[in-house]
Amino acid sequence: MSSEHGTGFEPATGDGPLMPGPAEKRVASVRTAFEGLLQIRRLTNTGQANPEGVPARWELHRAVRAVALVLEAAGLPASAVDESGRRVASGYRVQAGGAPATVRVEWLGPPGSGAAHEEESELTRCADALRRLGWTALLYRGPRRRRFLEVEP
């Protein structure tokens, strides 16, 4: 995750550091980015009955970024890692899926955090937030019986 200073806003994917800086500033940046996403949808999805409820074409080329923004704007916590790559916070992790324009969302946390026990309910919350904005989110059980979402437009 990049800082909002100089390099532009990047939504939290769950593989970056804990949220830097004052929380109010981050919340404002997320709100601005999300409002921008909705505005792009209104302007580009003019043939749709509900233009805000369908991902815009540019989102398909930046699906990880778009999905992460939806989850962060919904107030869901992102996981985080420290400098050594060790997981330090429980939350969602967004990464590219196995096919173009697909995204995988997992619920991860540090060892002993209980993230594995929370994953079904928390991933259901993630799926609900994504579905409200036109994404298809299907819950699967993968290796070691861990659940994940496969998300596509």
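Higher on the page you've got the structure.
Bear in mind the structure is a predicted one, so any value in this text is a computation, not a measurement.

### A closer look at the packing of aromatic side chains
Argument step 1. All chains considered together, the criterion is met by 1 aromatic pair.
Argument step 2. Lying across the ring of F148, R104 places its NZ or CZ 3.7 Å from the centre.

### Brief notes about the environment of A73
Argument step 1. Here A73 is to be found in helix α3 (residues 63–73).
Argument step 2. Put simply, A73 and S29 are 44 residues apart on the chain and 9.7 Å apart in space, counted from C-alpha to C-alpha.
Argument step 3. Setting aside chain neighbours within four positions, we find A73 in contact with V30 and F34.

### Section: the pairing of strand β5 (residues 136–141)
Argument step 1. Where β5 lies against strand β6 (residues 147–152), 6 bridges are found, and the strand directions are antiparallel. Its bridge partner lying in β6, Y140 is registered against F148.

### Description of the side chain of R147
Argument step 1. Structurally, R147 is set in strand β6.
Argument step 2. A polar contact is formed between the side chain of R147 and the side chain of E120, at a distance of 3.5 Å.
Argument step 3. Leave out the neighbours within four places in its chain, and R147 touches E119, E120, L123, L139, Y140 and R141.

### Brief notes about the pattern of salt bridges
Argument step 1. Scanning the entire structure with this criterion turns up 14 salt bridges.
Argument step 2. Between E119 and R147 there is a salt bridge, with its nearest N and O atoms 3.9 Å apart. Placement of E119 in helix α4 (residues 115–132) and of R147 in strand β6 is noted, with a sequence separation of 28 residues between them.
Argument step 3. A residue is classified by how much of its surface remains accessible, and R147, at 18% relative accessible area, is buried.
Argument step 4. A salt bridge links E122 to R125; the shortest N-O distance between them is 2.6 Å. With E122 and R125 both in helix α4 and 3 residues apart, this pair spans about one turn of that helix.

### Let's talk about the sheet that holds β5
Argument step 1. With antiparallel pairing, 4 strands are arranged side by side in an open sheet as β3-β4-β6-β5. Pairing within the sheet leaves two strands with one partner each, and these edge strands are β3 (91–96) and β5. For this sheet, the mean angle separating the axes of adjacent strands, direction not counted, is 25°.
Argument step 2. Pairing analysis gives 3 bridges linking strand β4 (residues 103–108) to β6, with the strands arranged antiparallel. Bridge assignment links R104 to a residue of β6, and that residue is E150.
Argument step 3. On top of the sheet, α3 reaches β3, β4 and β6; it is set at about 165° to β3, its chief contact.
Argument step 4. Contacting β3, β4, β5 and β6, α4 runs over the sheet at an angle of about 140° to β4.

Definitions and cut-offs
Residues numbered from 1 in each chain as written. Predicted model: local features only at pLDDT ≥ 70, side-chain atom pairs only at ≥ 80, totals over all residues. Heavy atoms only, no water. Phe/Tyr/Trp six-rings, centres within 6.5 Å; stacked < 30°, edge-to-face > 60°. Lys NZ or Arg CZ within 6 Å of the ring centre and 35° of its normal. Helix = DSSP H or I, 4+ residues; strand = E, 2+ residues; numbered from the N terminus. Contact = heavy atoms within 4.5 Å. Pairing = 2+ DSSP bridges. Polar contact = N/O pair within 3.5 Å; in protein donor to acceptor, adjacent residues only side chain to side chain. Salt bridge = Lys/Arg side-chain N within 4 Å of Asp/Glu carboxyl O. Buried < 20%, exposed > 50% of the residue type's maximum accessible area, 1.4 Å probe, protein only. Axes fitted to C-alpha atoms, helices over the stretch in contact; angles between N-to-C directions.

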